[in-house]
Amino acid sequence: MSTAQKPNDPYHKDAYFAVRFTDDPARGRLWEVLCRYLQRDIPPDGAVLELGGGYCDFINNIRAREKHAMDLFAGIREAAAPGVETHVQSCTSMANFRANSFDTVFASNLFEHLTREQLADTLAEVLRVLRPGGRLIVIQPNFKYAYRGYFDDFTHIQIFTEVSLADLFRSSGFEIERVVSRFLPFSLKVRAPKWPWLLSVYLALPWRPFAGQMYIRAAKPK
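Computed from a predicted structure; not experimentally measured. (Residues numbered from 1 in each chain as written. Predicted model: local features only at pLDDT ≥ 70, side-chain atom pairs only at ≥ 80, totals over all residues. Heavy atoms only, no water.)

Participant: Go over the layout of surface pockets, please, and point to the residues and values.
Facilitator: Approximately 200 Å³ is the volume found for the second largest pocket. For the lining of the second largest pocket, the secondary-structure elements that each account for two or more residues are α5 (116-129) and α7 (162-171). Of the residues assigned to the lining of the second largest pocket, the class counts are seven nonpolar, three polar and one charged. (1 Å grid on protein atoms, 1.4 Å probe; cavity = no way out; pocket = protein on both sides within 12 Å on 5 of 7 lines; lining within 4 Å. Points joined across faces, edges and corners; volume = space filled by probe spheres on them. Helix = DSSP H or I, 4+ residues; strand = E, 2+ residues; numbered from the N terminus. Nonpolar A, V, L, I, M, F, W, Y, C, P; charged D, E, K, R; others polar.)

Structure follows, in structure tokens:
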């Protein structure tokens, strides 16, 4: 999570992570499988920045020459594996990074927690720090398929479908390369088995039942 933190908001003193988004070893094992799938869109010799890095399940498992993770969550420092540089800060301002610095910016389950203004600022910064041709890769709840449990998370602010989010990216200056409307199940907070081999099979399916999250790959114009 990465928003402006105030004493009365749910992210103050990492309360959200203690109540809603606790560390889960099963999640890390699933991300190992997921990163092998995502690697086809992420150059292993490039520089990667993860927004809302949390427990670093993505950034620890993806292969890249240079790896950075950003979040307001101070625990990101302890969660990061060797070789990952962490930044405890908001994603709305990335002045500590030069323009055209990254080949890939990745975010999972982040943008629904941001206000319109915060998301506009974040996308402008992502466009600035990406190299021409660099990619923004997003895994995001798709309200079209996840509406029943969407607001079980008390910090969800905005809702998106694969159509509205892709249009937002286009209007922010990105080119859309790929949209998968049904990519992953909505949440790990279910009683279904969380076996890594089962996720491998699931990702190989041409149609994925119970999927409530989408996948969008956008690019900075060359």
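Participant: Describe the packing of aromatic side chains, and please don't skip the residues or the numbers.
Facilitator: Applying the stated criterion to the full structure yields 13 aromatic pairs. Each ring, one from F143 and one from Y150, has its centre 5.1 Å from the other, and the planes form 85 degrees; the classification is edge-to-face. Taking the relative accessible area as the measure of exposure, F143 reaches 23% and is therefore partly exposed. Among the residues examined, Y150 registers a relative accessible area of 0% and is labelled buried. Note on F183 and Y215: the rings are 4.9 Å apart at their centroids and 40 degrees apart in plane angle, and the pair reads as tilted. (Phe/Tyr/Trp six-rings, centres within 6.5 Å; stacked < 30°, edge-to-face > 60°. Buried < 20%, exposed > 50% of the residue type's maximum accessible area, 1.4 Å probe, protein only.)

Participant: Explain unusual backbone geometry to me, using residue names and the numbers behind them.
Facilitator: Although it is not a glycine, N109 sits at a positive phi angle of roughly 55 degrees. Structurally, the position occupied by N109 is in the loop between β4 (102-108) and α5. Located in the positive-phi region is F210, a residue other than glycine, with phi close to 70 degrees. Tracing the backbone through its elements, the reader meets F210 in the loop between α8 (196-203) and β7 (211-219). With a relative accessible area of 74%, F210 lands in the exposed category.

Participant: Give a detailed account of the side chain of H87, specifying residues and quantitative values.
Facilitator: With respect to the helices and strands, H87 occurs in strand β3 (residues 84-88). Setting aside its immediate chain neighbours within four residues, H87 contacts H68, A69, M70, D71, N96 and F97. (Contact = heavy atoms within 4.5 Å.)

Participant: Hey, could you go over the nonpolar core for me, with residue numbers and the actual values?
Facilitator: Side chains of nonpolar character tend, in soluble globular proteins, to be buried together. Core analysis: the biggest nonpolar cluster contains 29 residues, and L34, L38, F58, I139 and F183 have the highest contact counts within it. The dominant element in this core, judged by the number of residues it contributes, is helix α2 (residues 25-38), at seven residues. Among residues more than four places away in sequence, those in contact with F183 are L34, Y37, L38, I139, Y202, L203, R208, A211, Q213, M214 and Y215. Formed by 28 residues, the second largest nonpolar core is a distinct cluster that contains A47, F102, V129 and A166. (Core = buried A, V, L, I, M, F, W, Y, C linked by side-chain atoms within 4.5 Å.)

Participant: Would you mind going over the pairing of strand β5 (residues 130-141) in detail, with residue names and values included?
Facilitator: The sheet contact formed by β4 and β5 spans six bridges and is parallel. Counted as the bridge partner of F102 is L130 from β5. Tracing the backbone out of β4, into α5 and back to the parallel element β5 gives a crossover that is right-handed. Relative to β7, β5 runs antiparallel, the two sharing seven bridges. Directly across from L136, in β7, lies its bridge partner A218. (Pairing = 2+ DSSP bridges. Right-handed = clockwise from strand over helix to strand, strands pointing away.)

Participant: Could you give me a rundown of α5, with the residues and numbers involved?
Facilitator: Turn by turn, an α-helix covers 3.6 residues, leaving residues three or four places apart pointing in a common direction. For α5, spanning 14 residues, the distance from its first C-alpha to its last is 20 Å, which sits close to the expected 20 Å at 1.5 Å a residue. Residues of α5 that are buried: Q118, L119, T122, L123, E125, V126 and V129. Each buried residue of α5 lies within a common arc of 165 degrees when the element is viewed along its axis, so the set occupies one face. Structural note: α5 exposes R116 and E117 on the side pointing more than 90 degrees away from its buried face. In the core, the buried residues of α5 are packed alongside β1 (47-51), β4, β5 and α7. (Expected span 1.5 Å × (residues − 1). Arc of directions from axis to C-beta.)

Participant: So what's going on with the pattern of salt bridges? Residues and values would help.
Facilitator: Scanning the entire structure with this criterion turns up eight salt bridges. With its nearest N and O atoms 2.9 Å apart, the salt bridge here joins R128 to E125. Placement of both R128 and E125 in helix α5 is noted, with a separation of three residues, approximately one turn of the helix. Given the relative accessible area of 26%, R128 is considered partly exposed. We classify E125 as buried; its relative accessible area is 13%. Across the salt bridge formed by K144 and E162, the nearest N and O atoms sit 2.9 Å from each other. (Salt bridge = Lys/Arg side-chain N within 4 Å of Asp/Glu carboxyl O.)

In short, geometric facts, not functional conclusions.
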